[in-house]
Amino acid sequence: MHDLFPKAAIAANHFHVVVQAYRALQSTRLKVMKEYGPNTHEYRVLKHYWKLLMAKESQLDYLHYYSRRNFRYAWLSNQEVVNRLLSFSPDLRAAYEYYQDLITAIDQRSQALLDRLIKQRDLPITLKRVKRTLRKHRQEIIASFYTRLTNGPIEGTNNKIKVIKRTANFFHFRTRILVSLKNTNLMIREIPKKELDQLPKWLSLSSQKSLHPYRLTKSHLNHR
C-alpha cells in the first residue's frame, strides 16, 4: 500500500471496530445467562431485554415508564431496566461501559477517550481482544475520526437481504428486496393508485400484509 501510495493515510472502518465490541458484549451477556441457568429470573430478563443493552446509552428512554412483566409488573423506564440488568454481573457492567465508551469516542472523535480505553485494565476476557485491536490499529481509528468513511449501510443492506431470504421463496425474493429497500436507487417511481388496483393477487397489498407500508414500483411489475 505505502509502496504505491507513500502519502496515503489509512483509515479504519469504525463500523467494524464497534461491531467487535458489540459481539464482545453479547458474548459476556450469554456467559452470564449460562451462569444463572435457564430457569432463573436473571436468565429470562437478560434474554428478553437484550436489545436495550445494545442501544446507545444516550438514546435510552428515562421519561416514560412501563409495567414490566418480567420484573413483577414494576413500572420501570428503559434506563432503569438496563441498570437492573447490569447489577447481575460486574463483568457485564464492565463490558457494557467499555462498549458505550467506545461508541462515544467514535461519535465525539475523542482521541483522549480512545487512549483511555486502550490503557484500561482488569477487563473481562471477551474484551481483551477488542482492546488489542484498538491498540494495534490506533492510528487508523484516529484517521477514521476525520474521514467518517464506513460501509455500515452496505452491511445493513446485506443483513436485510439475508433476513428476506429466510422468509421469501425464490420467486418473490427479488421483488421483496426491491420493496424493502425503498430508500435506494432501486426504487424507480411510485405506482399510481389505479395501477395498484390492477396488481395480480400474488402481489396485492391485501394478501401481502407483510409488505406494508412499503411502496411498489413499476419495475416490480416488469419482472413478474
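None of the values given here were measured: they were computed from a predicted structure. (Residues numbered from 1 in each chain as written. Predicted model: local features only at pLDDT ≥ 70, side-chain atom pairs only at ≥ 80, totals over all residues. Heavy atoms only, no water.)

A few words now on the overall build of the protein. Looking only at helices and strands, the protein has 12 helices and 2 strands in total. Its helices and strands taken in sequence order, the protein reads α-α-α-β-β-α-α-α-α-α-α-α-α-α from the N to the C terminus. Looking at the protein as a whole, 38% of its 224 residues are labelled buried. Carbon and sulfur atoms provide 52% of the accessible area of the protein, an area that totals close to 14,900 Å². (Helix = DSSP H or I, 4+ residues; strand = E, 2+ residues; numbered from the N terminus. Buried < 20%, exposed > 50% of the residue type's maximum accessible area, 1.4 Å probe, protein only. Areas by Shrake-Rupley, 256 points an atom, 1.4 Å probe, with all protein chains shown as cover.)

Positionally, N70 belongs in the loop between β1 (66–68) and β2 (74–76). When near neighbours in sequence (up to four residues on either side) are disregarded, N70 contacts H41, V45, H48 and Y49. (Contact = heavy atoms within 4.5 Å.)

Turning to the packing of aromatic side chains, a few remarks are in order. Taken as a whole and assessed by the stated rule, the structure comprises 3 aromatic pairs. For the ring pair Y36 and F88, a centre distance of 6.1 Å and an interplane angle of 65° mean the geometry is edge-to-face. With Y36 in helix α1 (residues 14–36) and F88 in the loop between α4 (78–86) and α5 (90–107), the pair connects residues that are 52 residues apart, well separated along the chain. On the accessibility criterion, Y36 (31% relative accessible area) is partly exposed. (Phe/Tyr/Trp six-rings, centres within 6.5 Å; stacked < 30°, edge-to-face > 60°.)

The phi dihedral of Y73 is positive, around 60°, even though this residue is not glycine. Relative to the helices and strands, Y73 is located in the loop between β1 and β2. Within the chain, R109 stands out as a residue other than glycine whose phi angle is a positive 55°. Within the secondary structure layout, R109 lies in the loop between α5 and α6 (111–119).

This part is about the pattern of salt bridges. Using the criterion set out here, one finds 3 salt bridges in the structure. A salt bridge links R116 to D101; the shortest N-O distance between them is 3.4 Å. Taken together, the residues R116 in helix α6 and D101 in helix α5 connect sequence positions 15 residues apart. Take D101: its relative accessible area is 22%, and that puts it in the partly exposed class. Two residues, D115 and R138, come together in a salt bridge whose shortest N-O distance is 2.7 Å. Residue D115 is found in helix α6, and its partner R138 is found in helix α8 (residues 138–147); the two are separated by 23 residues along the sequence. Judged by its relative accessible area of 24%, R138 falls in the partly exposed class. (Salt bridge = Lys/Arg side-chain N within 4 Å of Asp/Glu carboxyl O.)

General note: in soluble globular proteins, nonpolar side chains tend to be found buried as a group. L46, L53, L85 and L134 are the most contacted members of the largest nonpolar core, which totals 40 residues. Broken down by secondary-structure element, the contributors of at least two residues to this core are α1, α2 (41–48), α3 (50–54), α4, α5, α6, α7 (125–136) and α8. Broken down by element, this core gets its largest block of residues, 8 residues, from α5. If near-sequence neighbours (up to four positions away) are discounted, L46 is found in contact with R29, V32, M33, L53, L85, F88 and L92. (Core = buried A, V, L, I, M, F, W, Y, C linked by side-chain atoms within 4.5 Å.)

Next up on the list: the packing of α5 against α7. Two elements in contact, α5 and α7, have axes whose closest approach is 11 Å; the angle formed by their N-to-C orientations is 25°. The angle between α5 and α7 places the two elements in the roughly parallel class. Here α5 and α7 pass one another in a crossing that is left-handed. For the pair α5 and α7, the contacting residues are A94, A95, Y98 and L102 in the first and L127, V130, K131 and L134 in the second. In terms of residue class, the contact of α5 with α7 is built from 7 nonpolar, no polar and 1 charged. (Axes fitted to C-alpha atoms, helices over the stretch in contact; angles between N-to-C directions. Parallel < 35°, antiparallel > 145°, perpendicular 65-115°, else oblique. Left-handed = near helix turned anticlockwise from the far one by under 90°. Nonpolar A, V, L, I, M, F, W, Y, C, P; charged D, E, K, R; others polar.)

Taken together, the side chains of R23, K128, R129, R132 and R135 make up a positively charged region of the molecular surface. It is α7 that contributes the most residues to the positive patch, 4 residues altogether. If you trace the backbone, R23 turns up in helix α1. (Patch = residues over 30% accessible without salt bridge, like charges linked within 9 Å, V, L, I, M, F, W, Y side chains within 5 Å. Lys, Arg positive; Asp, Glu negative; His and termini not counted. Charge placed at Lys NZ, Arg CZ, Asp CG, Glu CD.)

This next bit is on the confidence of the model for the protein. Put simply, the protein has an average pLDDT of 80, and 78% of its residues get 70 or more. The low-confidence segment residues 202–224 (pLDDT under 50) makes 47 contacts with residues lying over four places distant or belonging to another chain. (pLDDT = per-residue confidence, 0-100.)

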